[in-house]
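Report on the structure
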Amino acid sequence: MTLTTPPELMPNPLRDPQDRRMPRIAGPCGLVIFGVTGDLSRKKLMPAVYDLAQRGLLPPGFSLVGFARRDWADQDFAEIVHDAVREHSRTPFREEVWKQLAKGFRFVPGDFADDVAFSNLRDTIEALDRERGTAGNHAFYLSIPPRFFPDVVGQLKQHGLADDSASSWRRVVVEKPFGHDLQSARELNQIVSEVFAPESVFRIDHYLGKETVQNIMALRFANGLFEPVWNANYVDHVQITMAEDIGIGGRAGYYDGIGAARDVIQNHLLQLMALVAMEEPISFEAQSLRLEKQKVLQSVKRPDRLDLCTSRGQYVAGWAGGEKVRGFLEEEDIPNTSTTETFAAIKLAIDTRRWAGVPFYLRHGKRLGRRVTEVAVIFKRAPHLPFTETATEELGENALVIRVQPDEGVTVRFGSKVPGTAMEIRDVNMDFAYGGAFVESSPEAYERLILDVLLGDPPLFPQHEEVELSWKILDPIIDYWAEHEKPEPYPAGTWGPQSSVDMLARDGRNWRRP
Ligand code: BG6
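This is a predicted model, so every value here is computed, not measured. (Residues numbered from 1 in each chain as written. Predicted model: local features only at pLDDT ≥ 70, side-chain atom pairs only at ≥ 80, totals over all residues. Heavy atoms only, no water.)

Observations concerning the overall build of the chain
The helix and strand tally for the chain stands at 15 helices and 18 strands. Against the globule reference of 24 Å for 514 residues, the chain gives a C-alpha radius of gyration of 25 Å, in line with a compact fold. C-alpha atoms of the chain, sized along the principal axes, occupy 80 × 75 × 45 Å. Within the chain, buried positions represent 53% of all 514 residues. Put simply, of all contacts in the chain between residues at least 6 apart along the chain, 77% involve residues at least 24 apart. Roughly 24100 Å² of accessible area belongs to the chain as shown, and the carbon and sulfur atoms make up 51% of that amount. If you average the places of the 60 positive and of the 74 negative side-chain charges in the chain, the two averages end up 3 Å apart. (Helix = DSSP H or I, 4+ residues; strand = E, 2+ residues; numbered from the N terminus. Rg over C-alpha atoms; globule rule 2.2 N^0.38 Å. Buried < 20%, exposed > 50% of the residue type's maximum accessible area, 1.4 Å probe, protein only. Contact = heavy atoms within 4.5 Å. Areas by Shrake-Rupley, 256 points an atom, 1.4 Å probe, with all protein chains shown as cover. Lys, Arg positive; Asp, Glu negative; His and termini not counted. Charge placed at Lys NZ, Arg CZ, Asp CG, Glu CD.)

Structure below.
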């Protein structure tokens with residue numbers, strides 16, 4: 001007997017392009033990375049490109065062009081990529097994949113003010129179009145500090161590199177931080193939008209590329225179970241935590257003067273909050289999704305008492321992973337007078353019927369007890385408990401915890417009878433773990449996002465309006481801190497400053513200990 005594939009499962013190019021069951025493979029194209037010698041490029045972008053190639057999601061003629069102030073030939077660049085891939089890629093190294101991919105590597109030396117270098121870049125791209133069939137489709141990834149954006153986008157424009165044609169595309173990818181306040185975000189946007197149309201600008205907030213973050217939408221809108229209780233009638237409060245055990249490492253130049261709120265709360269945590277709080281979008285098309293997220297950000301009420309609704313900390317010497325570690329002010333290249341915060345927590349209210357009276361507590365810090373990101377929706381207690389008081393002494397609130405990383409999954413916490421002759425109720429957890437339910441490991445956020453750039457698929461990229469709204473929430477807080485608050489010290493390896501604990505204690509609540 002021969003088994004044939006049913007016609008509905010046969011690859012069908014005419015099938016609805018929105019059909020996400022089909023493998024999404026990028027058409028002919030190339031990627032140019034500015035800032036190719038940086039950490040992000042080595043640890044995330046190069047490995048992601050390899051992982052995509054290894055999964056068969058890049059076109060055969062795909063090209064990767066590095067641009068940097070280094071005296072490298074193509075072969076030197078290939079070696080750098082090779083080492084980065086060997087060290088950081090998610091999928092196994094396969095020589096045949098590598099060989100095919102490396103044929104498309106080119107390197108253009110030069111700095112951002114160098115006209116000749118950008119003409120060389122144009123020649124390189126045109127040669128790739130001819131030799132490898134990249135068909136004029138190129139994405140420019142600005143993995144560089146924002147102060148260089150004007151030079152680079154200006155050069156791209158001047159050398160005709162930014163021009164779409166009827167049959168080919170040019171896109172630009174911008175990494176956060178999108179400015180350091182509302183004003184600078186607007187200026188940055190102005191610079192980019194003078195050269196690229198809005199649909200050609202892809203702003204990366206890599207949290208949106210994480211599987212577990214996208215799963216917030218699946219959990220809420222694919223199930224009947226959760227959405228009926230996802231509102232102020234049932235939810236007591238929401239805690240969003242992104243804790244890191246690492247310090248600032250070698251990133252002093254970027255981090256000092258930026259701090260925890262601008263680095264992470266303005267983007268990753270407000271995006272997480274928007275996904276948790278938004279109404280059901282009419283579709284998962286970019287426009288509908290962004291509209292719902294924007295409505296949430298627009299409805300955030302500025303806290304009245306910034307002294308009581310925010311907390312700001314800076315780590316001092318302590319412990320991490322069983323080793324003694326230094327404080328922020330002793331880190332390399334950090335002035336010992338720095339008032340940059342390495343921990344920030346804020347309490348926000350969303351002024352809508354769904355969320356009236358439900359605080360959203362957001363916190364992020366470096367050198368905390370462990371690395372964990374989670375969204376915890378804490379429910380109100382049952383309105384009535386038909387048990388003796390002693391039976392429920394150990395009963396907490398029901399909670400639904402979306403474990404973003406590292407232990408990816410979802411936990412539901414509820415009360416259960418302790419086996420025995422007496423009625424005693426205690427909290428237990430029901431767990432879903434990605435590792436247990438699915439065979440394949442989750443792709444890295446950058447794999448998904450780079451592929452989406454190459455496909456021109458925008459839902460997972462925040463639009464400028466969201467960036468502006470996020471700064472509008474954060475600017476008054478940062479201004480208040482600059483005038484009134486010095487960061488409060490907390491020892492490395494703890495869960496942040498006392499003021500963060502007090503912020504919840506005043507509301508009769510506690511932070512979860514993830
Ligand atoms: C980046 C921040 O956006 O996210 C870093 O700039 C932070 O400071 C990093 O360490 C954390 O990313 P992840 O994916 O490891 O949680």
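What about the nonpolar core?
Counting 118 residues, the largest nonpolar core has Met273, Phe360 and Leu362 as its most contacted members. Per-element accounting of this core gives the leading share, 12 residues, to helix α9 (residues 259–277). With residues near it in sequence (within four places) discarded, Phe360 still touches Val238, Met273, Val276, Ala277, Ile346, Lys347, Leu348, Ile350 and Trp355. The next biggest cluster of nonpolar side chains, apart from the first, holds 27 residues, and it includes Ala117, Ile125, Leu128 and Phe140. (Core = buried A, V, L, I, M, F, W, Y, C linked by side-chain atoms within 4.5 Å.)

Description of the packing of aromatic side chains
Here the structure, examined in full by the defined rule, presents 24 aromatic pairs. Both rings, one in Tyr315 and one in Phe328, keep their centres 5.8 Å apart while their planes meet at 75°; by these two values the pair is edge-to-face. In this pair, Tyr315 sits in strand β9 (residues 310–316) while Phe328 sits in the loop between β11 (323–325) and β12 (343–350), placing the two residues 13 residues apart along the sequence. Each member of the pair, Tyr315 together with Phe328, is buried. Grouped by ring-pair contacts, the aromatic residues Tyr50, Trp72, Phe77, Phe93, Trp98, Phe105 and Phe107 constitute a single cluster. Looking at Arg171, its charged tip hangs above the ring of Trp169, at a distance of 3.7 Å from the centre. (Phe/Tyr/Trp six-rings, centres within 6.5 Å; stacked < 30°, edge-to-face > 60°. Lys NZ or Arg CZ within 6 Å of the ring centre and 35° of its normal.)

Some words on the pattern of salt bridges
Two side chains with opposite charge may pair up if their charged atoms get near one another. What the rule picks out here adds up to 28 salt bridges. With a shortest N-O distance of 3.3 Å, Lys43 and Asp39 are connected by a salt bridge. Separated by 4 residues within a single helix, Lys43 and Asp39 lie in helix α1 (residues 39–54), roughly one turn from each other. The partly exposed category is assigned to Asp39, whose relative accessible area is 40%. A salt bridge links Arg403 to Asp431; the shortest N-O distance between them is 3.3 Å. With Arg403 in strand β15 (residues 399–405) and Asp431 in strand β17 (residues 425–433), the pair connects residues that are 28 residues apart, well separated along the chain. (Salt bridge = Lys/Arg side-chain N within 4 Å of Asp/Glu carboxyl O.)

Some thoughts on the site of the ligand
Around the ligand sit Lys176, His206, Tyr207, Lys210, Met242, Glu244, Arg251, Asp263, His268, Lys366, Arg371 and Gln405, and those are all the residues in its vicinity. One nitrogen or oxygen atom from the side chain of Glu244 is found 2.5 Å from an oxygen atom belonging to the ligand. Protein burial of the ligand: of its 400 Å² of free accessible surface, 83% is covered by the chains. (Near = heavy atom within 4 Å. Polar contact = N/O pair within 3.5 Å; in protein donor to acceptor, adjacent residues only side chain to side chain.)

A word on the confidence of the model for the chain
Within the chain, residue pLDDT values average 94, and 96% of them lie at 70 or more. A low-confidence stretch, residues 1–15 stays under pLDDT 50, and its non-local contacts, those more than four residues away or across chains, total 7 contacts. (pLDDT = per-residue confidence, 0-100.)

What to know about a nonpolar patch on the surface
Among the surface-exposed residues, Leu385, Phe387 and Met423 lie close enough to one another that they form a single nonpolar patch of about 240 Å² accessible area. Its location among the elements puts Leu385 in the loop between β14 (372–379) and β15. With a relative accessible area of 35%, Leu385 lands in the partly exposed category. (Patch = residues over 30% accessible without salt bridge, like charges linked within 9 Å, V, L, I, M, F, W, Y side chains within 5 Å.)

Re the pairing of strand β7 (residues 235–243)
Across the 9 residues of β7, 9 count as buried, placing the element largely inside the fold. Pairing of β7 with strand β13 (residues 359–365), which is carried by 6 bridges, proceeds in the parallel orientation. When the bridges of β13 are listed, Gln239 appears paired with Tyr361. (Pairing = 2+ DSSP bridges.)

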